Amino acid sequence: VPLLVTIFYFVLAEPPAPALRGVIGVALLSSATILSRPLSTLNWLFAAAFAILLWNSHELFRAGFQLSFFLVLALILWMPPLWRLLFGEREPDFLTPAALIVHVVVRSASGLALAAAVCFVCALPLTLYHFQQVTPWGLLGSILLTPLISVIIVLSFVTMAAGAVLP
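Residues numbered from 1 in each chain as written. Predicted model: local features only at pLDDT ≥ 70, side-chain atom pairs only at ≥ 80, totals over all residues. Heavy atoms only, no water.

Moving on: the packing of aromatic side chains. In this structure the tally under the stated criterion is two aromatic pairs. Considering the side-chain rings of Phe65 and Phe69, the 4.6 Å spacing of their centres and the 40° angle between planes classify their relative orientation as tilted. Remark: Phe69 and Phe65 occur in helix α4 (residues 63-87); sequence separation between them is four residues, near one turn of the helix. A centroid spacing of 4.3 Å and a plane angle of 45° characterise the contact between Trp83 and Phe87, whose relative ring orientation is tilted. Highlighted residues: Trp83 and Phe87, both in helix α4, separated by four residues, approximately one helical turn. (Phe/Tyr/Trp six-rings, centres within 6.5 Å; stacked < 30°, edge-to-face > 60°. Helix = DSSP H or I, 4+ residues; strand = E, 2+ residues; numbered from the N terminus.)

Okay, the packing of helix α1 (residues 2-12) against helix α6 (residues 138-165) next. Relative to each other, α1 and α6 sit at 85°, their axes nearing to 12 Å. Taken together, the axes of α1 and α6 lie roughly perpendicular to each other. In this structure, α1 contributes Val5, Phe8, Tyr9 and Leu12 to the contact, and α6 contributes Phe157, Met160, Ala161 and Ala164. Taken together, the residues of the contact of α1 with α6 break down into eight nonpolar, no polar and no charged. (Axes fitted to C-alpha atoms, helices over the stretch in contact; angles between N-to-C directions. Parallel < 35°, antiparallel > 145°, perpendicular 65-115°, else oblique. Contact = heavy atoms within 4.5 Å. Nonpolar A, V, L, I, M, F, W, Y, C, P; charged D, E, K, R; others polar.)

Together, Trp137, Leu140, Leu144, Leu145, Leu148, Ile149, Ile152 and Ile153 give the surface a local cluster of nonpolar side chains, amounting to about 840 Å² of exposed area. Relative to the helices and strands, Leu148 resides in helix α6. (Patch = residues over 30% accessible without salt bridge, like charges linked within 9 Å, V, L, I, M, F, W, Y side chains within 5 Å. Areas by Shrake-Rupley, 256 points an atom, 1.4 Å probe, with all protein chains shown as cover. Salt bridge = Lys/Arg side-chain N within 4 Å of Asp/Glu carboxyl O.)

Moving on, we get to the nonpolar core. Nonpolar side chains in soluble globular proteins tend to end up buried together. Of all hydrophobic cores here, the largest spans eleven residues; its members are Leu67, Leu71, Ala74, Met79, Trp83, Leu114, Ala115, Val118, Cys122, Ala123 and Leu126. Where this core is concerned, the elements lending two or more residues are α4 and α5 (97-131). Here this core gets six residues from one element, more than from any other, and that element is α5. Residues in contact with Ala123, not counting those within four places in the same chain, are Leu67 and Leu71. Core analysis: the second largest hydrophobic core is formed by nine residues, Ile24, Ala48, Ala49 and Val72 among them. (Core = buried A, V, L, I, M, F, W, Y, C linked by side-chain atoms within 4.5 Å. Buried < 20%, exposed > 50% of the residue type's maximum accessible area, 1.4 Å probe, protein only.)

This part takes up the state of the cysteines. Here, disulfide denotes a covalent bond that connects the sulfur atoms of two cysteines. Counted under the stated rule, the structure contains zero disulfides. Summary of cysteine pairing: Cys119 is not part of a disulfide, and the nearest cysteine sulfur, belonging to Cys122, is at 7.2 Å. (Disulfide = S-S within 2.5 Å.)

Time to look at the layout of surface pockets. If you add up the space inside the largest pocket, you get close to 290 Å³. Lining the largest pocket are 15 residues, and of these Cys119, Phe120, Ala123, Thr127 and Thr135 lie nearest its centre. Secondary-structure elements contributing two or more residues to the lining of the largest pocket are α4, α5 and α6. A class-by-class count of the residues in the lining of the largest pocket yields ten nonpolar, five polar and no charged. By volume, the second largest pocket amounts to about 180 Å³. Every residue lining the second largest pocket is listed: Tyr9, Ser150, Ile153, Val154 and Phe157. If one sorts the elements of the lining of the second largest pocket by residue count, α6 sits on top with four residues. Class assignment of the residues belonging to the lining of the second largest pocket gives a composition of four nonpolar, one polar and no charged. (1 Å grid on protein atoms, 1.4 Å probe; cavity = no way out; pocket = protein on both sides within 12 Å on 5 of 7 lines; lining within 4 Å. Points joined across faces, edges and corners; volume = space filled by probe spheres on them.)

What follows deals with unusual backbone geometry. Phi is positive for Ser36, close to 55°, though the residue is something other than glycine. Of note, Ser36 is situated in the loop between α2 (17-34) and α3 (41-55). Even without being a glycine, Gln132 presents a positive backbone phi close to 55°. On the secondary structure map, Gln132 appears in the loop between α5 and α6. Its relative accessible area of 59% is what places Gln132 among the exposed residues.

Spelled out as structure tokens, the structure:
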């Protein structure tokens, strides 16, 4: 099902490198799950880059391709160790429903802030190179706007899917 939804989204959206990267990643994840094989996120990331560069080798020199793949690579490599360093590996054994909600909200907000910080720091060299700009408010903007944009994207996708089924 995730593969079908991803392909449907890809057909509706324009096919830039990040969308193609996502489709290839979901296809490899789905294949690994169906075949009961271990998943290697670095393998699917490099497979996606290879496929995109085979299709259009000029993508290598575009800011969007570089930022997209470099930031996903940074998240794959840096998020797990930083998360363990900041929050440890153990989850609480038992939480009341109210405590569980607080726990999930705090962990989600912490994860969002950490991911935004990793992306901000890792994107600095590329944004300076391509755009000759530093956006110090970008980190705060990412943290504040990501939940809103996520809701908008989901609602837009539901609207497009409903429009395709019910004209």
